[in-house]
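# Observations on the three-dimensional arrangement
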Amino acid sequence: MLKIWGRINSINVQKVMWTAAELEIGHERVDAGRQFGVVKEPWYLKMNPNGLVPTIEDDGFVLWESNAIVRYLFAKYGKPQTQELRADADRWMEWYSTTYAAKVATVFLGLIRTPAQERDMGAIEAARKGTIENLKILEGHLSGRAYLCGSEFTMGDIPLGAGVFRWYNLPIERPSYPNIEAWYKRLCKRPAYQKHVMLPLS
Ligand SMILES: N[C@@H](CCC(=O)N[C@@H](CS)C(=O)NCC(=O)O)C(=O)O
C-alpha cells in the first residue's frame, strides 16, 4: 500500500494527498515534519536525505519531491495521457515551482507563520505584487478553459490549485481575476480538494 509521510498543513504534502484522493489510491499517511519531528531521524534520512516532507513508499519504491510524486502517481494510477497533454500539464507544474511558489510562500510564511512584530512587511508586499503580476498570465491562459489543460482536470491543476487556495485565503488585498476565480470555484467543488487542500492556513 502507498505510504505517505508528511504533515497535512504542508502544501507539498497536500499535493500528494489530493492526488491520491483524486486517483482513489489506497494509502496510509504518517505525520512527519515540524512539530511531529521524524524527518531528521536516521531511518527517514535514508529515504529522504533532505529531511523534508513529503516522502512516499509504494511497493518498495521510495520517492521524494512532491511534483515528481504527483507525476509518478498519475503515470501509474491515472488514465493514459498523450505526450502533449502530459507536457502541457508538466509545464504548469514547472511554472508553479519556478514562478509562482516562492512569492506566495513569502506572503504565507510572513503573515501566517511569523509573529507580527517580526514580519518583513516590505518583502511581503513585494511578493504580493509579484504574485498579482504572475497571476495575469494564468488569468489569460484560463480564458475559455475549464482547467489548466483544457476541459478536463489533470495533474497540471494540482500544484497551482493548492497554491491558489493559499492566495485566496490569505488576509490580503487581491484584484479580481474572473477566470482564475471560476477555476478555483470548480476546484472547490471537488471532494478531494475539499478534504486535503481546503484546510485552515497554519
Ligand atoms: N521541493 C520539495 C520541497 C519540500 C519541502 O520544502 N517541504 C517542507 C514542507 S512544505 C518541509 O519539509 N519543511 C520542514 C518540515 O516540515 O519539517 C517538494 O516539493 O517536495
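Conventions and cut-offs
Residues numbered from 1 in each chain as written. Predicted model: local features only at pLDDT ≥ 70, side-chain atom pairs only at ≥ 80, totals over all residues. Heavy atoms only, no water. 1 Å grid on protein atoms, 1.4 Å probe; cavity = no way out; pocket = protein on both sides within 12 Å on 5 of 7 lines; lining within 4 Å. Points joined across faces, edges and corners; volume = space filled by probe spheres on them. Nonpolar A, V, L, I, M, F, W, Y, C, P; charged D, E, K, R; others polar. Helix = DSSP H or I, 4+ residues; strand = E, 2+ residues; numbered from the N terminus. Domains from an automatic or database assignment. Core = buried A, V, L, I, M, F, W, Y, C linked by side-chain atoms within 4.5 Å. Buried < 20%, exposed > 50% of the residue type's maximum accessible area, 1.4 Å probe, protein only. Contact = heavy atoms within 4.5 Å. Disulfide = S-S within 2.5 Å.

The next subject is empty space enclosed by the protein. Rolled over the atoms, a probe with the dimensions of a water molecule shows which regions are left empty. Overall, the coordinates contain one cavity of 30 Å³ or more when judged by the stated rule. There is about 60 Å³ of room inside the largest cavity. Taken together, Asn9, Gln14, Phe108, Phe165, Arg166, Val197, Leu199, Pro200, Leu201 and Ser202 make up the full set of residues lining the largest cavity. Residues that form the lining of the largest cavity fall into these classes: six nonpolar, three polar and one charged.

When its volume is computed, the largest pocket comes out at roughly 630 Å³. Lining the largest pocket are 32 residues, and of these Ser10, Ile11, Asn12, Leu52 and Val53 lie nearest its centre. Here the lining of the largest pocket gets nine residues from one element, more than from any other, and that element is helix H4 (residues 83–112). Here the lining of the largest pocket is built from residues that sort into 15 nonpolar, 11 polar and six charged. Composition of the lining of the largest pocket by domain shows at least three residues from each of domain 1 (2–77) and domain 2 (83–194). Each pocket or cavity is described by its volume, and for the second largest pocket that value is around 280 Å³.

Glancing now at the nonpolar core. Of all hydrophobic cores here, the largest spans 64 residues; its most connected members are Tyr100, Leu138, Leu160, Ile180, Trp183 and Tyr193. Per element, the largest residue contribution to this core is 11 residues, and it comes from H4. Counting residues domain by domain, this core receives three or more from each of domain 1 (2–77) and domain 2 (83–194). With sequence-adjacent residues up to four places away left out, Ile180 is seen in contact with Leu135, Leu138, Glu139, Leu142, Val164 and Tyr168.

This part takes up the state of the cysteines. If you walk through the whole model with that rule in mind, you get zero disulfides. Free cysteine Cys149: the closest other cysteine sulfur is in Cys188, separated by 19 Å. A relative accessible area of 14% means that Cys149 is categorised as buried. With relative accessibility at 18%, the residue Cys188 sits in the buried group.

The next subject is the environment of Ile25. Of note, Ile25 is situated in the loop between helix H1 (11–22) and strand E2 (27–30). Since its relative accessible area comes to 8%, Ile25 is described here as buried. As a C-alpha pair, Ile25 and Gly78 span 53 residues in sequence and 9.7 Å in three-dimensional space. In this structure, Ile25 is in contact with Leu2, Ala20, Leu73 and Tyr77, ignoring residues within four places of it in sequence.

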